[in-house]
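Here is what each chain is made of, one letter per residue.
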2 protein chains.
Amino acid sequence: MPKIKLLVSYDGTDFCGWQKQKDHAFAPELPSVQETIEKGLEKIFRHPIDLCASGRTDAGVHAIGQVCHFETDRPLPKDLCWALKPQLPDSIAPKAAWIAPDEFHATLSAVKKTYRYWIWNHPRSSALLTRYSWWIRNPLDLDFMNQASQYLIKHQDFESFRSVGTPVKHTFREIYGAQWAYKKPNLIEFRVTGNGFMKQMVRNIVGTIVDLNQKNQQVTRMQEILDAKDRRKAGPTAPPQGLFLSKVYYPKDLDNKCRQI
Amino acid sequence: MPKIKLLVSYDGTDFCGWQKQKDHAFAPELPSVQETIEKGLEKIFRHPIDLCASGRTDAGVHAIGQVCHFETDRPLPKDLCWALKPQLPDSIAPKAAWIAPDEFHATLSAVKKTYRYWIWNHPRSSALLTRYSWWIRNPLDLDFMNQASQYLIKHQDFESFRSVGTPVKHTFREIYGAQWAYKKPNLIEFRVTGNGFMKQMVRNIVGTIVDLNQKNQQVTRMQEILDAKDRRKAGPTAPPQGLFLSKVYYPKDLDNKCRQI
């Protein structure tokens, strides 16, 4: 059955996360991004849609470039994104669609991901960045945070940044780049790229680096935390609203086999 | 009675505008920014507060730097913005406060205002800019729009940009600067500064310039519209969510007499 690859952006504020909550115990009143897009696609294709993403995003986390796929044997509209748009709330924007080769799988084929995290670093809160940043009053030291981030860059065990209760096959991941920079005055952006991230791993990293900075710790504490392989040695989890899934990378040859529609 | 000058920012999405709606016929379920801040101040000062702004903003319009004032004879908290912050929703941020001289009046003393208007100009909608921009699919021509804007720059009659049903003493205003530029790829920002703006005047200007561009009109149409002194000759009103009250200017000598608290 033909496979469709879809690139979407969303504002995670009003969703319980990407995936439908099974028990709806957490945020029972909020829909998931997944079911919202599935319902939109079902109105177009008139059969149940099973949407599979590159990875889940948590409640409140945004996506600039989430990738997902589904299968359908029905005729495709001339412009799928344009057809889908009116079926979705404004908080979800379809950005591009492709017919993908059979071997493409949004989760399993992904080789690299980039996340961004925004911190509004100012004594006063920002009304216009509330939904999209973590507000931190006291000045952060970007030099310190960039030095601390360099300890992340290699293939290693990120057990200390695995949230409790997150089952994973193993806790080894490779981080290729991790950098803090001013996006504009008082708005700090963290960009991190790696071959994979566990649930809340980016938020645990951000929370830890900010915590070390605010407690005037030595930057070498970062290595000790990694070596400890113990979540309790790391800092708190940064809040979700600052996090954006920015880009998902697939192998070049798979990209080349995708035909934009 | 001591006069307090307050600088605030707000996300206008969830408000019926700055001012309390008398009949609540429009957006009856939404609070006004004014009453929300007044209630917050009343919790601190424990007497009724009458808050006066530099000007009203319409439903859905945002403010980066709205200025308002109120009077109180009660003791001031050490940091008024900090004390006020927890009394307000996250969509309103107090940015600074001053003790102002008696002759200061947020509305009457204002000599100049700058507005910004954001247009997301891309075939695909943007999930993260939905609340803060007008989405226009077809490419706009910034050269054309900048040329059209130059007709605005002088002291003249803006009758053609006065919304029907807006009572004003006169329709003469002076615009000092009006410019379109790319804020980032596909995000166009219009900045306009003048000595005063009538209700919806900026949105009428933006809607008209976009309309002329999209209908491939001659740029000289702008002068004809101004000369007509007839709202029906101008274009539609641009939607509110792209508009930001950016800055309100007061005379230097008044600013110098304000003491930040």
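Because the structure is predicted, anything quoted here is derived from the model rather than measured. (Residues numbered from 1 in each chain as written. Chains lettered and ligands numbered in written order. Predicted model: local features only at pLDDT ≥ 70, side-chain atom pairs only at ≥ 80, totals over all residues. Heavy atoms only, no water.)

1. Re the interface of chain B and chain A
Next up, step 1: The interface of chain B with chain A comprises 28 residues on the first partner and 28 residues on the second.
Next up, step 2: Around 2100 Å² of area is buried between chain B and chain A when both sides are counted, 58% of it from carbon and sulfur atoms.
Next up, step 3: It is B:R124, B:A127 and B:L128 that lose the most area in chain B upon contact with chain A, and together they represent 32% of the buried surface on that side.
Next up, step 4: Taken together, the links from chain B to chain A amount to two salt bridges. (Contact = heavy atoms within 4.5 Å. Buried area = accessible area lost by both parts, 1.4 Å probe. Salt bridge = Lys/Arg side-chain N within 4 Å of Asp/Glu carboxyl O.)

2. Notes on the packing of helix α3 (residues 142–150) of chain A against helix α4 (residues 201–214) of chain A
Residue and element names in this part refer to chain A.
Next up, step 1: The N-to-C vectors of α3 and α4 enclose an angle of 130°; their axes lie 10 Å apart at closest approach. Comparing their axes, α4 and α3 come out oblique. Seen from above, α3 lies across α4 with right-handed handedness. From α3, F144, M145, A148 and S149 reach across to α4, where they touch I209, V210, L212 and N213. (Axes fitted to C-alpha atoms, helices over the stretch in contact; angles between N-to-C directions. Helix = DSSP H or I, 4+ residues; strand = E, 2+ residues; numbered from the N terminus. Parallel < 35°, antiparallel > 145°, perpendicular 65-115°, else oblique. Left-handed = near helix turned anticlockwise from the far one by under 90°.)

3. Describing helix α5 (residues 221–228) of chain A
Residues and elements named next belong to chain A.
Next up, step 1: Looking at α5, one finds that the buried residues are M222, I225 and L226. With its buried residues spanning 95° around the axis, α5 presents them on a single face.
Next up, step 2: Buried residues along α5 sit against α3, β7 (155–157) and α4.
Next up, step 3: One or two steps after α5, the chain reaches K229, where phi turns positive at roughly 50°. (Buried < 20%, exposed > 50% of the residue type's maximum accessible area, 1.4 Å probe, protein only. Arc of directions from axis to C-beta.)

4. Notes on unusual backbone geometry
Residues and elements named next belong to chain B.
Next up, step 1: Phi is positive for N186, close to 75°, though the residue is something other than glycine.
Next up, step 2: As for its position among the elements, N186 is in the loop between β8 (172–184) and β9 (187–194).
Next up, step 3: A positive phi is found at Q200, a non-glycine position, where the angle reads about 65°.
Next up, step 4: Among the structural elements, Q200 can be located in the loop between β9 and α4 (201–214).

5. Notes on the domain arrangement of chain A
Residues and elements named next belong to chain A.
Next up, step 1: Looking at chain A, the domain boundaries give domain 1 (3–109) and domain 2 (112–246).
Next up, step 2: Spacing between the C-alpha centres of domain 1 and domain 2 amounts to 27 Å.
Next up, step 3: Listed as interface residues are 15 residues of domain 1 and, on the opposing side, 13 residues of domain 2.
Next up, step 4: Both sides of the domain 1 and domain 2 interface together cover about 1100 Å² of buried area, and 49% of this is carbon and sulfur.
Next up, step 5: At the surface where domain 1 touches domain 2, the tally comes to four salt bridges.
Next up, step 6: Two residues, D58 and R203, come together in a salt bridge whose shortest N-O distance is 3.3 Å.
Next up, step 7: Inspection of the domain 1/domain 2 interface yields 12 residue pairs in polar contact (both at pLDDT 80 or more).
Next up, step 8: Classifying every residue of the side of domain 1 that touches domain 2 by side-chain character gives four nonpolar, eight polar and three charged. (Domains from an automatic or database assignment. Polar contact = N/O pair within 3.5 Å; in protein donor to acceptor, adjacent residues only side chain to side chain. Nonpolar A, V, L, I, M, F, W, Y, C, P; charged D, E, K, R; others polar.)

6. Digging into the packing of α4(B) against helix α5 (residues 221–228) of chain B
Residues and elements named next belong to chain B.
Next up, step 1: Interhelical geometry of α4 versus α5 gives an angle of 140° and a closest axis separation of 11 Å. Classified by the interaxial angle, the pair formed by α4 and α5 is oblique. Of the two possible hands of crossing, α4 and α5 adopt the one that is right-handed. The segment α4 lies against α5, with T208, I209 and L212 engaging R221, M222 and I225.

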